Amino acid sequence: MDGNGRWAKKRGLPRVAGHREGAEAVRRTLKAAVVAGVECLTLYAFSSENWRRSEEEVTDLKGLMRFYLERELDELAREGVKLRFIGEPSAFGPELWERLQLAAAKTADNDKLTLNVALNYGSQQEIARAAQILAQEAVDGVIDSAAIDVAAVEKVLQTAELPPLDLLVRTSGEMRLSNFLLWQAAYAELVFLDLLWPDFDADAFNGALDQFAGRQRRFGGR
Ligand code: IPE
Ligand code: MG
């Protein structure tokens, strides 16, 4: 979800205005995803590297997360959305972390769409953590290190319970993954859009789905 800052700058507004509008784009996208029958939607809301931003911007982003969580939770729950998180959201402090956990618990039995929010997430950190877990299991004699294979790694990634990643969309014209779902994207279809995230809407979402539908997926076969 890239381009909030540039969207605001173009209008002579503070960056936080772009983030606010970006949150509206999240609402639209979620609705479009439910209508399209998408099983799981992961949103990259805050990366492990976003701590490099100013204290003011980080505070604004945390405030917005809290505000939208409060405002949207009942509706998400009603719509059958199951909310979960990847990353290390506890770093946002006990108050927000508590609210996030309560929101996940409240929606845990929903099964229409899984909304997976990446908060303080970095894919390299996730993979390093997976290596740690497996190394410890090998040291403890729970597993044989020689038996560590792709499936064993997948089981200890934070996405273990999610379906395979099919489509990855990045907005704002940047053509990089920026430490997002690197392992999981091995055979994902990539779509890069010139649109800034606050301008993203149902049409853009469905356009990305159309691009996906037009791709031939061979998974290394022929
Ligand atoms: C939003 O876009 C992504 C978040 C970290 C919330 P940016 O804040 O990266 O916007 P640009 O790239 O400066 O335009
Ligand atoms: Mg950016």
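Residues numbered from 1 in each chain as written. Chains lettered and ligands numbered in written order. Predicted model: local features only at pLDDT ≥ 70, side-chain atom pairs only at ≥ 80, totals over all residues. Heavy atoms only, no water.

*Asks:* Before we go on, may I ask you to explain the site of ligand 1 in this structure?
*Replies:* For ligand 1, the full set of nearby residues is M1, D2, G3, N4, G5, R6, R15, H19, A45, N50, R53 and L61. A distance of 2.9 Å is found between an oxygen atom of ligand 1 and a side-chain nitrogen or oxygen belonging to R15. Here ligand 1 has 380 Å² of accessible area as a free molecule, and 86% of this is covered by the chains. For the shell around ligand 1, the secondary structure elements donating two or more residues are α1 (4-10) and α2 (15-36). Counting residues per element, the shell around ligand 1 draws most heavily on α1, at 3 residues. When grouped by side-chain class, the residues that make up the shell around ligand 1 number 3 nonpolar, 5 polar and 4 charged. (Near = heavy atom within 4 Å. Polar contact = N/O pair within 3.5 Å; in protein donor to acceptor, adjacent residues only side chain to side chain. Areas by Shrake-Rupley, 256 points an atom, 1.4 Å probe, with all protein chains shown as cover. Helix = DSSP H or I, 4+ residues; strand = E, 2+ residues; numbered from the N terminus. Nonpolar A, V, L, I, M, F, W, Y, C, P; charged D, E, K, R; others polar.)

*Asks:* Sorry, what's going on with helix α7 (residues 202-213) here?
*Replies:* Because an α-helix packs 3.6 residues into every turn, residues spaced three or four apart end up facing the same way. Taking 1.5 Å per residue, 12 residues should reach 16 Å; α7 reaches 16 Å between its end C-alpha atoms and fits that length. Listing the buried residues of α7 in full gives A204, F205 and A208. End-on, the buried residues of α7 take up no more than an arc of 105°, which puts them together on one face. Looking at α7, the residues exposed on the side facing more than 90 degrees away from the buried face are D203, D210 and A213. Check the buried side of α7 and you find it contacts α2, β1 (40-47), β4 (167-170) and β5 (189-192). Capping of α7 at its N-terminal end is provided by D201; its side-chain oxygen lies 3.2 Å from the backbone amide nitrogen of D203. (Expected span 1.5 Å × (residues − 1). Buried < 20%, exposed > 50% of the residue type's maximum accessible area, 1.4 Å probe, protein only. Arc of directions from axis to C-beta. Contact = heavy atoms within 4.5 Å.)

*Asks:* Explain the pattern of salt bridges to me, please; I cannot follow it from the model alone.
*Replies:* Where charged atoms of side chains with opposite charge meet at close range, the side chains can pair. Following the criterion strictly, the structure yields 18 salt bridges and no others. Note that R71 and E72 form a salt bridge whose closest N and O atoms lie 2.8 Å from each other. On the accessibility criterion, R71 (37% relative accessible area) is partly exposed. Accessibility expressed as a relative area gives 11% for E72, which makes it buried. Between R217 and D166 there is a salt bridge; the shortest N-O distance is 2.9 Å. Of this pair, R217 sits in the segment after α7 while D166 sits in the loop between α6 (150-156) and β4, placing them 51 residues apart in sequence. Overlapping salt bridges bring together E24, R27, K31, R71, E72 and E75 as one network. (Salt bridge = Lys/Arg side-chain N within 4 Å of Asp/Glu carboxyl O.)

*Asks:* Please clarify how the packing of aromatic side chains should be interpreted in this entry.
*Replies:* Between two aromatic rings, the relevant description is the distance of the centres plus the angle of the planes. Counted according to the given criterion, the structure contains 9 aromatic pairs. On the numbers, 5.1 Å between centres and 90° between planes, the contact of F67 with Y68 is edge-to-face. Among the residues examined, F67 registers a relative accessible area of 46% and is labelled partly exposed. Residue Y68 is classed as buried on the basis of its relative accessible area of 12%. Aromatic side chains Y187 and F219 sit 5.7 Å apart centroid to centroid with 50° between the ring planes, which places their arrangement in the tilted category. With Y187 in the loop between β4 and β5 and F219 in the segment after α7, this residue pair connects regions lying 32 residues apart in the sequence. Taken together through their ring pairs, the aromatic side chains of Y44, Y121 and F180 make up a single cluster. (Phe/Tyr/Trp six-rings, centres within 6.5 Å; stacked < 30°, edge-to-face > 60°.)

*Asks:* Just to check I follow, could you spell out the environment of F192 for this structure?
*Replies:* Following the sequence through the fold, F192 ends up in strand β5. F192 sits 176 residues away from V16 along the chain, and the two C-alpha atoms are 24 Å apart. Apart from residues lying up to four places away in sequence, F192 is in contact with R170, E174, M175 and R176.

*Asks:* Sorry, what's going on with unusual backbone geometry here?
*Replies:* Trans peptide bonds make up most of the peptide bonds, and negative phi angles are found at most residues other than glycine. One non-glycine residue, L181, lies in the positive phi region at around 45°. A positive phi angle, close to 50°, is found at F219, a residue other than glycine.

*Asks:* What's the story with the sheet that holds strand β3 (residues 113-121) in this structure? I'm lost.
*Replies:* Backbone-to-backbone hydrogen bonds pair the strands of a sheet. The strands run either parallel or antiparallel. Strand order in the open sheet formed by 3 strands is β1-β3-β2, and the pairing between neighbours is parallel. Two strands in the sheet have a free side with no partner beyond their single neighbour: β1 and β2 (81-87). For this sheet, the mean angle separating the axes of adjacent strands, direction not counted, is 20°. Pairing geometry for β2 and β3, over 7 bridges, is parallel. From the neighbouring strand, I86 faces β3, where its bridge partner is A118. (Pairing = 2+ DSSP bridges. Axes fitted to C-alpha atoms, helices over the stretch in contact; angles between N-to-C directions.)

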